[in-house]
Amino acid sequence: MHEDLVTSNKTHWYVAVQVTGETVRRGDIIDLGGRGFGVVDTLDAPDNVRWLRSRTGETMAVHATTRLSAVRAVKRR
């Protein structure tokens, strides 16, 4: 699978964040209807749209101003 996206709770904190099409990152886990959508790839498209691809192969388009709840891994210090 995508080993570079796998993180450990020994090396990372997991924080709740709100993301938009502009701020979403690889590795974010977006909450869609109570189901996790793990972002593995992003692609910029015209008209402030960003395409997101999940670990399971699903894709979705997100506008730059759409707000979504997500979890992000942040390195411990």
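Not measured: the values here are computed from a predicted model.

*Asks:* Help me get a handle on the overall build of the protein, residues and values and all.
*Replies:* Along its length, the protein carries zero helices and six strands. The secondary structure elements of the protein, listed N-terminal to C-terminal, are β-β-β-β-β-β. Residues classed as buried in the protein amount to 27% of the 77 residues present. Roughly 5400 Å² of accessible area belongs to the protein as shown, and the carbon and sulfur atoms make up 51% of that amount.

*Asks:* Explain the nonpolar core residue by residue, including any values.
*Replies:* One recurring pattern in soluble globular proteins is that nonpolar side chains are buried together. Within the largest apolar cluster, 10 residues are counted, these being V19, V24, I30, F37, V39, L52, M60, V62, L68 and A70. Of all the secondary-structure elements, those providing two or more residues to this core are β3 (35-45), β5 (59-63) and β6 (68-75).

*Asks:* Describe the packing of aromatic side chains, naming the residues involved and giving the relevant values.
*Replies:* The final tally for this structure, using the stated rule, is zero aromatic pairs. Cation over ring: R76 sits above W13, and NZ or CZ is 4.0 Å from the ring centre.

Cut-offs and rules
Residues numbered from 1 in each chain as written. Predicted model: local features only at pLDDT ≥ 70, side-chain atom pairs only at ≥ 80, totals over all residues. Heavy atoms only, no water. Helix = DSSP H or I, 4+ residues; strand = E, 2+ residues; numbered from the N terminus. Buried < 20%, exposed > 50% of the residue type's maximum accessible area, 1.4 Å probe, protein only. Areas by Shrake-Rupley, 256 points an atom, 1.4 Å probe, with all protein chains shown as cover. Core = buried A, V, L, I, M, F, W, Y, C linked by side-chain atoms within 4.5 Å. Phe/Tyr/Trp six-rings, centres within 6.5 Å; stacked < 30°, edge-to-face > 60°. Lys NZ or Arg CZ within 6 Å of the ring centre and 35° of its normal.

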